[in-house]
Amino acid sequence: MATKASPTATPTPASAASVSLPVEDYLLKNDEYSEILYASTLLVRQCMARFGFDYAVDPAWKPPVDLKGDAANMARRYGITDAKTAARYGYHLPENTLPPAPAGARPMSDAERNVFLGDTPRTDNSSTNVKQYKGQKIPAHGCSGDAQRKLGRGSRNACPRASTTPVSSSPWPHRR
């Protein structure tokens, strides 16, 4: 005769940010992420220099540190889950979440932006049919895309048959 299990209370987390997922053990740690971002900026600088532009790299710059080490972005992974955050910011991110630009940095010119982004779609809907600058071919997705490919990201575009959606970045209904 089978024993009858007693119902137990379902745990209620204080917030979505307090939940951990098993995939988090496989995601980059803050220091690893910082190294990759810094390497990316150095690669972008090299690429931009080939086109005659000086892409300033501040060696002291570090990306914002996530004190919880929340690489899975649990606080916003499934939308806004905290009433205080929703009341204050709605669906938007808080302002000033990125560190300031390096001292003396100036906005990119249109030509610099075209070389940096290449054929990447723009948020302002400006032209993305930029293939070359002064007769020199711009890499796919510009110097930014070139740096990502050199660091190993973007391999799904280079190898479509191996294309998969990473578990850590896909929304829950698409994970099977």
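Our structure's up above, just so we're on the same page.
Bear in mind the structure is a predicted one, so any value in this text is a computation, not a measurement. (Residues numbered from 1 in each chain as written. Predicted model: local features only at pLDDT ≥ 70, side-chain atom pairs only at ≥ 80, totals over all residues. Heavy atoms only, no water.)

**Details of the pattern of salt bridges**
Just so we agree on the cut-off: For this analysis, a salt bridge means a side-chain nitrogen from Lys or Arg found within 4 Å of a carboxyl oxygen belonging to Asp or Glu. Buried, partly exposed and exposed residues are distinguished by accessible area as a fraction of the type maximum, computed with a 1.4 Å probe on protein chains only: under 20%, between the cut-offs, and over 50%, respectively.
Inspection of the entire model under this criterion finds seven salt bridges. Note that aspartate 54 and arginine 45 form a salt bridge whose closest N and O atoms lie 3.4 Å from each other. Take aspartate 54: its relative accessible area is 56%, and that puts it in the exposed class. In this structure arginine 45 comes out as partly exposed when scored by relative accessible area, which is 35%. In the salt-bridge network here, residues are joined through shared partners; they are Arg50, Asp146, Arg149 and Lys150.

**Describing the packing of helix H1 (residues 30-50) against helix H4 (residues 142-150)**
Let me state the cut-off plainly: Interaxial angle, 0 to 180 degrees, is taken between N-to-C directions of lines fitted to C-alpha atoms, where a helix line uses only the stretch in contact. Note on conventions: DSSP H or I runs of at least 4 residues are helices, E runs of at least 2 residues are strands, and numbering of each starts at the N terminus. Any angle that is under 35 degrees is reported as roughly parallel, and any over 145 degrees as roughly antiparallel; angles of 65 to 115 degrees are reported as roughly perpendicular and all others as oblique. By the definition used in this description, the sense in which the near helix is turned from the far one sets the handedness, with an anticlockwise turn below a right angle giving left-handed and a clockwise turn giving right-handed. For this analysis, residues touch if any pair of their heavy atoms sits within 4.5 Å. Amino acid classes used here: Ala, Val, Leu, Ile, Met, Phe, Trp, Tyr, Cys and Pro are nonpolar; Asp, Glu, Lys and Arg are charged; the rest, including Gly, are polar.
Interhelical geometry of H1 versus H4 gives an angle of 130° and a closest axis separation of 8 Å. On the basis of the axis angle, H1 is oblique to H4. Viewed along their axes, H1 and H4 form a crossing whose handedness is right-handed. Here Ser40, Leu43, Val44, Cys47, Met48 and Arg50 of H1 come into contact with H4, specifically with Cys143, Ser144, Asp146, Ala147 and Lys150. Classifying every residue of the contact of H1 with H4 gives six nonpolar, two polar and three charged.

**Some points on the environment of lysine 137**
If you trace the backbone, lysine 137 turns up in strand S2 (residues 136-137). Residues lysine 137 and valine 115 lie 22 residues apart in sequence; the distance between their C-alpha atoms is 9.4 Å. Apart from residues lying up to four places away in sequence, lysine 137 is in contact with Phe51, Lys131 and Gln132.

**What to know about the state of the cysteines**
Test applied: The disulfide definition used here is simple: a pair of cysteine sulfur atoms within 2.5 Å.
For the structure shown, the criterion picks out one disulfide. Note that cysteine 47 is cross-linked by a disulfide to cysteine 143, the S-S spacing being 2.1 Å. Note on the cysteine 47 and cysteine 143 pair: the S-S dihedral is about -70°, so by sign convention the disulfide is left-handed. With cysteine 47 in helix H1 and cysteine 143 in helix H4, this residue pair connects regions lying 96 residues apart in the sequence. There is no split in this pair, since cysteine 47 and cysteine 143 are both buried.

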